[in-house]
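Listed below are the residues making up each chain.
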Number of protein chains: 2
Amino acid sequence: MSKGLDHETLNENVKNVQYAVRGELYLRASELQKEGKKIIFTNVGNPHALGQKPLSFPRQVVALCQAPFLLDDPNVGLVFPADAIARAKHYLSLTSGGLGAYSDSRGLPGIRKEVAEFIERRDGYPSDPELIFLTDGASKGVMQMLNTMIRGEKDGILVPVPQYPLYSAAIALCGGSLVPYYLEESANWGLDVNNLRQSVAQARSNGITVKAMVIINPGNPTGQCLSIEDLQELLRFCSREKLVLLADEVYQQNVYQDERPFISSRKVLMDMGTPISKDVQLVSFHTVSKGYWGECGQRGGYFEMTNIPAESVDEIYKVASISLSPNVPGQIFLGLMVNPPKPGDISYQKFVQESKTILESLRKRAHIMTNGFNSCRNVVCNFTEGAMYSFPQIRLPPKAIEVAKMAGKVPDVYYCLKLLEATGISTVPGSGFGQKEGVFHLRTTILPAEEDMPAIMDSFKKFNDAFMEQYEDQRGYSRM
Amino acid sequence: MSKGLDHETLNENVKNVQYAVRGELYLRASELQKEGKKIIFTNVGNPHALGQKPLSFPRQVVALCQAPFLLDDPNVGLVFPADAIARAKHYLSLTSGGLGAYSDSRGLPGIRKEVAEFIERRDGYPSDPELIFLTDGASKGVMQMLNTMIRGEKDGILVPVPQYPLYSAAIALCGGSLVPYYLEESANWGLDVNNLRQSVAQARSNGITVKAMVIINPGNPTGQCLSIEDLQELLRFCSREKLVLLADEVYQQNVYQDERPFISSRKVLMDMGTPISKDVQLVSFHTVSKGYWGECGQRGGYFEMTNIPAESVDEIYKVASISLSPNVPGQIFLGLMVNPPKPGDISYQKFVQESKTILESLRKRAHIMTNGFNSCRNVVCNFTEGAMYSFPQIRLPPKAIEVAKMAGKVPDVYYCLKLLEATGISTVPGSGFGQKEGVFHLRTTILPAEEDMPAIMDSFKKFNDAFMEQYEDQRGYSRM
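Sequence order sets the numbering: in each chain, residues are counted from 1 along the sequence as written. Here the convention is simple: chains get letters from A, ligands get numbers from 1, in the order in which they are written. Per-residue local features are limited, in this predicted model, to residues with pLDDT of at least 70; the limit for side-chain atom pairs, both in listing and counting, is 80 or more; totals at the level of whole chains, interfaces and linings are taken over all residues. With hydrogens and water set aside, each side-chain value is computed from the structure's full complement of heavy atoms.

Identification of chain A as PLP-dependent aminotransferase from Papaver somniferum is taken from an unreviewed UniProt entry. Its UniProt record gives chain A the following Sequence similarities (unreviewed entry) comment, quoted word for word: "Belongs to the class-I pyridoxal-phosphate-dependent aminotransferase family. Alanine aminotransferase subfamily." UniProt positions are given in the numbering used here, feature names are shortened, and annotations may be inferred rather than shown by experiment. Of the comments in the UniProt record for chain A, the one headed Subunit (unreviewed entry) reads "Homodimer."

Following this line, the structure appears as structure tokens:
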């Protein structure tokens, strides 16, 4: 008789989950690090781990909120600016007992109001704080929405391929079906509504009820920014097909070109007017982990619901209540992100300077990386228009594929492991995100420090070109 | 054709969840508060919301971790003690990028090591940091363990009745079956292994696979502390029946009598020796939200696994990875809780003084509250030996039950709503925790400020005694 936590008795959905971002490559990299090898972790979008400094003002405010006794200390002005002190008092006044008290399970009402005001400024349409829920990072919100919708394997969610594996993992955990739609690599990872239609039709012919569609804009891992036209077209598609649109917009502040600025799904929907603006069920996600904040470890996020029936919102609130409340410091970070220092504030210049430095450097790094990849043998890479990733296609020679299979590895996993062992660069194989059959990629973040970037790309090129030469060479096979 | 977030199409498990702690009473209390009524929120164990001050030392350390630039500030010593500065440097050295970087999904290795050392000091047996996972509060850990085990409605979890509704809610959300075992109110909410046996036998006769047993020690809502003998007996029971023991030990620092100090399930298990010490699968939970810390809003917790197969631990790690990492500031709080200032440290005296003040006051409040309830008409209440709650039985007269039913309310919900409206005291009806048929209770925390406690109990008594008089009186029925 087996016991409750014996492996063979576990929830099959748990066993079916795959999560590549912290999968085989990450585990191997951690091992090598323990053995003393220098590892460049580019597998997770974790900017502070790669040396990005936190913005000063939000850290000052949250530090003061953690230490409210300092607010009465006559020396506090020696180490904190007056506007940080004032802002800490403001946020503490929104809590009922400081950072140590549970908030409402949807988050502090005062901060949800600041989020609504931010959305209104951004989109030009009012937003209702009662339809904004704060979460421990955006991932938790995504998981909650999927769990709210998925009843079983006959419920499907349209997910872009390549995708951020949060989606495949959470859908598997909920026991639902992932319905893939392919992004067009040759069209800079653009959307093709014909693909979407075919995916839905095929899923339905298999008895799947397609309930929602995920978009990631700017794209992860693919880095593209969706145009207004693309967004309009997919909103019409969601309306026609009765799909909830789950809009992962966590990279909305990470845009590295000027032709296609970020535009929110909600703004496009509202601009389209009735009836569609009152029809499409939309949930959009945002976070303090990305942008120029990169405050991943604080776990602050929100989702905003549009056109969701009140009784469904009540169910979502009820389930959020089981975990009592999102962490309160993360909520304060979110408040600060949507309501940063204003012109005239003591900390304004410094805040703007710090933010610009980070964003401009990310833009430069996006260029260095794309150019670096495109200079390599058998590597082609779309430009990173937004987000934090580069997703080059690695054209593996048949012999390399054969060798990988003999080693019992998926070919891109094999390539990435060899890269890791040769250079210490820890990436994620494209197979973790999904890709067309026989096509291989890897994902790397653009986050290594700007000054380290040329050396990293040189090291990559040296490894890659030798790898390619080895397997393209007729004699390569015998030399391995 | 309905849409993906229309209520009728939602996951039935979500709709089946009930969560009383933030249910009808809480919502009504929030409404009344908005209308300007003074509400005493005793529905949630949320100490800081009721005026408990945070401990200074941990807040100083976390504030410094949030503002690492202060560590180089020549004035930092004017506002922070040297040992807090040293400790902040220590914790920052355990991170890979400060509080803004994701940690390993199990939490920072250095803090898991501190937790393991704490467990070893507490229990006298070594603990393995690799089997300790840090979480965003204990609830998240409980939910993850239940989700790991439950495959469907034929999987059952033994849960005490009355119970903290996290368990019923999470089991419903996972689509499993709650198998109740009744605690004996007349034996100060003690365990009766005969009850347990009957519950398991009955569940099995209904085709249920009973996978695990939950205990809450000290008890929530019931306040009892389990004896060594009780723990031994239930561990033998778990061994015989192949049940995982889920030991909710979040109130281990909240004990208000000296006869039955807290003893961990793990220590009792290890003391029993082989074969049982290597047999029972045990997961124990702890948090920074309770104790004399009460840092609920920070969302810091951990679970420790004993005798769980390695391949199951790997699955749990994989699923934890989907959410990337628990919030890092909450992890630091946990480190500080398990590794507080030591004799000789600059902050030691102050820390001990603050902790003792809180615990001694909680002990007094437990007495005031129990005595207060027992002085009321038709109210009987076991003494709160531990945890943070009082769970008096309210003996409702038949007429009151009748009136409640006419109003479409469960009788104890009716009573608690009337109490709320008359006095502003926001409690949770016993039906939210489970109770025997025809027996009624309410749960209140012992957290209102000590100086407010006599007035609150007077106000309760005045309401209760009038309520009882109204419905016990022959003419009462016509007077409503």
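Read on, since the account is not over.
Q: Would you take a moment to explain the relation of the copies chain A and chain B for this structure?
A: In this structure, two copies of a chain are linked by a rotation about an axis accompanied by a shift along it. In this comparison the copies share one frame, found by least squares on the C-alpha atoms of residues holding pLDDT of at least 70 in both. Superposition record for chain A on chain B: RMSD 0.0 Å, screw rotation 180 degrees, translation along axis 0.0 Å. Read as a symmetry element, the transformation amounts to a two-fold axis. In terms of C-alpha distance to the rotation axis, chain A has A:Ala63 as its closest residue, with the C-alpha 2.1 Å off the axis. In what follows, a contact means two residues having at least one pair of non-hydrogen atoms within 4.5 Å. Most of the interface of chain A is mirrored in chain B, where 100% of its interface residues again form contacts.

Q: Honestly, the environment of B:Asn220 in this entry has me stumped. Any pointers?
A: All names here are of chain B. Residue placement: Asn-220 occurs in the loop between strand 5 (209-216) and helix 10 (228-241). Separated by 31 residues in the primary sequence, Asn-220 and Tyr-251 place their C-alpha atoms 8.7 Å from one another. Those residues in contact with Asn-220 that lie beyond four places of it in its chain are Gln-163, Tyr-164, Tyr-251, Tyr-389 and Arg-443. A polar atom in the side chain of Asn-220 sits 3.5 Å from the side chain of Tyr-251. Under the DSSP-based scheme used, a helix requires at least four consecutive residues in state H or I and a strand at least two consecutive residues in state E, with every element numbered from the N terminus. Identification of polar contacts relies on pairs of N or O atoms within 3.5 Å, with a donor-acceptor requirement for protein atoms, meaning one able to donate a hydrogen and the other able to accept it, and with residues adjacent in sequence counted only if both atoms are side-chain atoms.

Q: Looking at this model, I keep getting lost on the domain arrangement of chain A. Mind explaining?
A: Note: interface size is frequently given as the accessible area lost on complex formation between the parts. Residue and element names in this part refer to chain A. Note that domain bounds follow an automatic or database assignment of domains. By domain assignment, chain A separates into domain 1 (7-38 + 353-471) and domain 2 (92-338). When each unit is reduced to the centre of its C-alpha atoms, the spacing between domain 1 and domain 2 is 26 Å. Every contact between the two is made by 34 residues of domain 1 and, on the other side, 35 residues of domain 2. Taking both sides of the interface into account, the surface hidden between domain 1 and domain 2 amounts to around 2900 Å²; carbon and sulfur atoms contribute 55%. Buried area is calculated as the accessible area (1.4 Å probe) missing from two parts once they are joined, with the contributions of both summed. When residues of domain 1 are sorted by the area they lose upon contact with domain 2, Arg-363, Asn-382 and Glu-385 head the list and together hold 23% of the total. Definition used for salt bridges: Asp or Glu carboxyl oxygen within 4 Å of a side-chain nitrogen of Lys or Arg. In this structure, the connection of domain 1 to domain 2 is made through three salt bridges. The partner of Arg-363 in a salt bridge is Asp-258, and the shortest N-O contact between them spans 3.1 Å. Remark: the boundary between domain 1 and domain 2 carries 16 residue pairs in polar contact (both at pLDDT 80 or more).

Q: Just to check I follow, could you spell out empty space enclosed by the protein for this structure?
A: Rolling a probe over the atoms, with the probe sized like a water molecule, indicates the empty space that remains. Lining residues are defined by having an atom within 4 Å of a point belonging to a cavity or pocket. Those points lie on a 1 Å grid over the protein atoms alone, cavities being sets where a 1.4 Å probe fits but cannot get out and pockets being open sets with protein on both sides within 12 Å along at least five of seven lines. Grid points are joined across faces, edges and corners, and a volume is the space filled by probe spheres set on the points. Applying the stated criterion across every chain, the model contains nine cavities of 30 Å³ or more. A volume near 200 Å³ is recorded for the largest cavity. Around the largest cavity sit 23 residues that line it, and A:Tyr102, B:Ser139, B:Tyr164, B:Val250 and B:Lys290 are the ones nearest its centre. Of all the elements in the fold, those that place two or more residues in the lining of the largest cavity are helix 7 (138-149), helix 8 (166-173) and strand 7 (282-287) of chain B. It is helix 7 of chain B that provides the largest number of residues to the lining of the largest cavity, a total of three residues. When grouped by side-chain class, the residues that make up the lining of the largest cavity number 13 nonpolar, six polar and four charged. Volume-wise, the second largest cavity comes out at about 150 Å³. If you go around the second largest cavity, you meet 17 residues; those closest to its centre are A:Ala138, A:Ser139, A:Tyr164, A:Val250 and A:Lys290. Throughout this entry, Asp, Glu, Lys and Arg are counted as charged residues, while Ala, Val, Leu, Ile, Met, Phe, Trp, Tyr, Cys and Pro are counted as nonpolar. The remaining residues, Gly among them, count as polar.

Q: Can you help me understand the interface of chain A and chain B in this one?
A: With 98 residues of chain A in contact, the opposing surface of chain B contributes 98 residues. Across the interface of chain A and chain B, roughly 8100 Å² is buried in total on both sides, 59% from carbon and sulfur atoms. When the buried area of chain A at its contact with chain B is split by residue, A:Leu5, A:Tyr102 and A:Ile322 rank highest and sum to 11% of it. For the pair chain A and chain B, the number of links is four salt bridges. For the salt bridge of A:Asp279 with B:Lys3, the shortest nitrogen-to-oxygen distance reads 2.8 Å.

Q: Quick question: what am I supposed to make of the sheet that holds strand 2 (residues 132-135) of chain B here?
A: Strand pairing within a sheet occurs via backbone hydrogen bonds; the two strands may be parallel or antiparallel. All names here are of chain B. When DSSP locates at least two bridges between a pair of strands, those strands are taken to pair. Ordered in space as 2-8-7-6-5-3-4, the seven strands form an open sheet in which the pairing is mixed. Both outer strands of the open sheet, strand 2 and strand 4 (177-182), are each paired with one neighbouring strand and no more. Shown here is a sheet whose adjacent strand axes are inclined to one another by a mean of 20 degrees, direction ignored. In this structure, strand 6 (residues 244-248) lies alongside strand 7, joined through four bridges in parallel fashion. From the neighbouring strand, Asp-248 faces strand 7, where its bridge partner is Phe-285. The axes used here are C-alpha line fits, helices contributing only the stretch in contact, and every angle between their N-to-C directions lies in the interval 0 to 180 degrees. Along the sheet, helix 9 (residues 193-205) contacts strand 3 (155-161), strand 4 and strand 5; its crossing angle with strand 4, the most-contacted strand, is approximately 150 degrees.

Q: Whenever I open this one, the confidence of the model for chain A confuses me. Can you help?
A: Do not read the predicted coordinates in detail wherever pLDDT is low. Residues and elements named next belong to chain A. In predicted models, pLDDT denotes the confidence assigned by the predictor to each residue on a 0 to 100 scale. Residues at a pLDDT of 70 or more form 98% of chain A, whose mean pLDDT is 95. Confidence drops under a pLDDT of 50 for residues 475-480, and excluding neighbours within four residues, the segment shows 11 contacts in the predicted structure. Predicted complex metrics record ipTM = 0.95 and pTM = 0.95.

Q: Would you mind going over helix 9 of chain B with me for this structure?
A: For an α-helix, 3.6 residues make a turn, and residues three or four places apart therefore share a direction. Residues and elements named next belong to chain B. Helix span is expected to be 1.5 Å times the residue number reduced by one. Its 13 residues give helix 9 an end-to-end C-alpha distance of 18 Å, which sits within 8% of 18 Å, the value for a rise of 1.5 Å per residue. Throughout, exposure labels follow a simple rule: accessible area from a 1.4 Å probe, protein chains only, divided by the maximum for the residue type, with under 20% read as buried, over 50% as exposed, and the rest as partly exposed. Among the residues of helix 9, Val-193, Asn-195, Leu-196, Ser-199, Val-200 and Ala-203 are the ones counted as buried. Projected onto a plane normal to the axis of helix 9, the buried residues spread over an arc of 155 degrees and lie on a single side. Residues Gln-198, Gln-202 and Ser-205 are exposed on helix 9 and point more than 90 degrees away from its buried face. The inward-facing, buried residues of helix 9 contact strand 3, strand 4, strand 5 and helix 10. A side-chain oxygen of the first residue of helix 9 lies 2.8 Å from the backbone nitrogen of Asn-194; this N-cap is Asp-192. In the segment just after helix 9, Gly-207 is the residue with positive phi, at about 85 degrees. This arc is built from the directions going out from the helix axis to the C-beta atoms.

Q: How should I be thinking about the nonpolar core in this particular structure?
A: Side-chain atoms within 4.5 Å link the members of a nonpolar core, which is a set of buried Ala, Val, Leu, Ile, Met, Phe, Trp, Tyr and Cys residues. Residues A:Leu246, A:Val283, A:Tyr415, B:Leu246, B:Val283 and B:Tyr415 are the most contacted members of the largest nonpolar core, which totals 257 residues. Look past the residues within four positions of A:Leu246 in its chain and what remains in contact with it is A:Met145, A:Leu146, A:Met149, A:Ala212, A:Met213, A:Val214, A:Ile215, A:Val283 and A:Phe285.

Q: What exactly am I supposed to notice about the UniProt feature "domain: Aminotransferase class I/classII large" (unreviewed entry) in chain A here?
A: Under the feature "domain: Aminotransferase class I/classII large" (unreviewed entry), the UniProt entry names residues 83-448 of chain A. Secondary structure within residues 83-448 of chain A divides into 42% helix and 15% strand; the distance between the first and last C-alpha atoms comes to 32 Å.

Q: Teacher, can you tell me more about the sheet that holds strand 14 (residues 442-445) of chain A here?
A: Residue and element names in this part refer to chain A. Spatially, three strands are ordered 10-14-13 in an open sheet, and the strand pairing comes out antiparallel. Where the open sheet ends on each side, the last strands, each with one partner, are strand 10 (389-390) and strand 13 (428-429). One ladder, built from two bridges, connects strand 10 with strand 14; its direction is antiparallel. Directly across from Ser-390, in strand 14, lies its bridge partner Thr-444. Docked against the sheet, helix 14 (residues 348-374) engages strand 10 and strand 14, running at close to 150 degrees with respect to strand 14.

Q: Looking at this model, I keep getting lost on the side chain of B:Thr444. Mind explaining?
A: Residues and elements named next belong to chain B. Its location among the elements puts Thr-444 in strand 14 (residues 442-445). Given a relative accessible area of 2%, Thr-444 falls into the buried group. A distance of 3.1 Å separates polar atoms of two side chains, one belonging to Thr-444 and the other to Thr-42. Excluding anything up to four places from it in sequence, Thr-444 contacts Thr-42, Met-369, Phe-373, Met-388, Tyr-389, Ser-390 and Thr-427.

Q: Before we go on, may I ask you to explain the pattern of salt bridges in this structure?
A: It is possible for side chains of opposite charge to pair when their charged atoms get near one another. All names here are of chain A. One pass over the structure, following the stated rule, counts 46 salt bridges over all chains. A salt bridge links Glu-304 to Arg-266, with the nearest nitrogen and oxygen atoms 3.1 Å apart. Of this pair, Glu-304 sits in strand 8 (residues 301-306) while Arg-266 is found in helix 11 (residues 265-271), placing the two residues 38 residues apart along the sequence. Of the two residues, Glu-304 and Arg-266, both sit in the buried class. Connected via shared salt-bridge partners are Arg-122, Asp-123, Arg-266 and Glu-304.

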